[in-house]
Every structure is written in C-alpha cells, then in structure tokens.
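The chain contents come next:
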Amino acid sequence: MRVIKTSKKDGKSKQLSFEMAVRELYNTGTWEGDLDKIAELLNEQGKLLTRYATFEIEGR
C-alpha cells in the first residue's frame, strides 16, 4: 500500500510506503499512541492531516 504525502508549504507530493508514512506521522507528535494505533487510524480514515502535510492512501 502506498501513501502520498503532500506538503502544505510548497504543495509538492511524494510517495511513501505505508510503514514510512506511519513512522513520519508518529514522529510529528500530532497523534497520541503507538505506531499500531496510528496505522489503524490511517487505514480506517484513508487520509490524515498534520500542520505540515496531508497523508493520503493512494487510490482512495
């Protein structure tokens, strides 16, 4: 599963593996909990927003 990360600053996008996207979301500190909880949330929602970027599962 691929995730597209779109920067809010410059609008540039890049593809990440699902695991890398979850790790980046975890490192931002935006969400409480462990990696598994964040992975479950991203999988259920299909898109998560931070102050700096949007993470969206490709094809959803």
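As the structure is a prediction and not an experimental result, all values here were calculated from the model.

S.K.: Before we go on, may I ask you to explain the pairing of strand 2 (residues 13–17) in this structure?
M.R.: One face of the sheet, then the other: side chains in a regular strand alternate in exactly this way. Of the pairings in the sheet, the one linking strand 1 (residues 2–7) to strand 2 comprises five bridges and is antiparallel in character. Looking across to strand 2, one finds that T6 is bridged to S13. As consecutive antiparallel partners, strand 1 and strand 2 are separated by five residues, and within that stretch G11 has a phi angle of approximately 75°, a positive value.

S.K.: So what exactly am I meant to see when it comes to the packing of helix 1 (residues 18–28) against helix 2 (residues 35–45) here?
M.R.: Packed helices, taken two at a time, are described by their axes: the angle between them and the distance between them. It is at 9 Å that the axes of helix 1 and helix 2 come closest, and there the two elements cross at 115°. Here helix 1 is positioned roughly perpendicular relative to helix 2, judged by the angle of their axes. Note on packing geometry: the crossing formed by helix 1 with helix 2 is right-handed. Contacts between helix 1 and helix 2 pair F18, A21, V22, R23, L25 and Y26 from the former with L35, I38, A39, L42 and N43 from the latter. Here the contact of helix 1 with helix 2 is built from residues that sort into nine nonpolar, one polar and one charged.

Criteria and cut-off values
Residues numbered from 1 in each chain as written. Predicted model: local features only at pLDDT ≥ 70, side-chain atom pairs only at ≥ 80, totals over all residues. Heavy atoms only, no water. Pairing = 2+ DSSP bridges. Helix = DSSP H or I, 4+ residues; strand = E, 2+ residues; numbered from the N terminus. Axes fitted to C-alpha atoms, helices over the stretch in contact; angles between N-to-C directions. Parallel < 35°, antiparallel > 145°, perpendicular 65-115°, else oblique. Left-handed = near helix turned anticlockwise from the far one by under 90°. Contact = heavy atoms within 4.5 Å. Nonpolar A, V, L, I, M, F, W, Y, C, P; charged D, E, K, R; others polar.

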